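The chain contents come next:
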Amino acid sequence: MYKSGGSTALKRLMTEYRGPISESNYFEWEAVIAGPPDTPFEGGLFTATLSFPKDYPLNPPSMKFTSPMFHPNVYQNGVVCISILHPPGDDPNHYESSSERWSPVQSVEKILLSVLSMIAEPNDESGANIDASKMWREDRKQYDRIVANIVKQSLGL
């Protein structure tokens, strides 16, 4: 079992996790996200990792897609940019309210639901992937074609 620091974090993670757990590192999880219905991502299966800090739940995990993802709110390296994953407190850029950001009452389930919502309804005003944001706004057909190819890749087709 992972024994280095973060005992409060470890207890919380063990209560939230509902599946077979690797005892080598409780602070790194893999998630598989199904593309939401009625979106260009429908039918796809997208893998991601959640990396939890030692002071979880005081601070949020980070999330990174490990399968290809073309989305306005996902950096080209796969890192997810969504308010719930931003540290608690006031936004130094004054873009989002503190209630939208991480708080210790949030959970992994809430993160995953927020990511599904983000996939279905991108926020192109706060783009992490500028090319995807621009294409989402200006050329939706091309955006949908690129996403359709990513869906096929996610299924090994």
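Structure first, text after, so check above.
The following refers to the structure shown. As the structure is a prediction and not an experimental result, all values here were calculated from the model.

### Topic: the packing of aromatic side chains
Considering all chains together, one arrives at six aromatic pairs under this definition. Judged by centre distance (5.9 Å) and plane angle (75°), the ring pair of Phe41 and Phe46 falls under edge-to-face. Each member of the pair, Phe41 as well as Phe46, carries the same accessibility label: buried. Both rings, one in Phe70 and one in Tyr143, keep their centres 5.7 Å apart while their planes meet at 40°; by these two values the pair is tilted. Separated by 73 residues along the polypeptide, Phe70 in the loop between strand S3 (62–65) and helix H2 (108–120) and Tyr143 in helix H4 (residues 140–154) bring together distant segments of the chain. Considered together, Phe70 and Tyr143 belong to a single accessibility category, that of buried residues. Ring pairs connect the aromatic residues Trp29, Phe52, Tyr56 and Trp102, which therefore count as one cluster.

### Concerning the pairing of strand S1 (residues 28–34)
With burial as the criterion, only one face of S1 is covered, namely that bearing Trp29, Ala31 and Ile33; the residues Glu28, Glu30, Val32 and Ala34 on the opposite face remain uncovered. Two strands pair when backbone bridges link them, and S1 and strand S2 (residues 45–51) are joined in this way by seven bridges, in the antiparallel orientation. Looking at S2, one finds that Ile33 is bridged to Phe46.

Cut-offs used in this document
Residues numbered from 1 in each chain as written. Predicted model: local features only at pLDDT ≥ 70, side-chain atom pairs only at ≥ 80, totals over all residues. Heavy atoms only, no water. Phe/Tyr/Trp six-rings, centres within 6.5 Å; stacked < 30°, edge-to-face > 60°. Buried < 20%, exposed > 50% of the residue type's maximum accessible area, 1.4 Å probe, protein only. Helix = DSSP H or I, 4+ residues; strand = E, 2+ residues; numbered from the N terminus. Pairing = 2+ DSSP bridges.

Interpretation note: all reported values are geometric properties and have no functional meaning in isolation.
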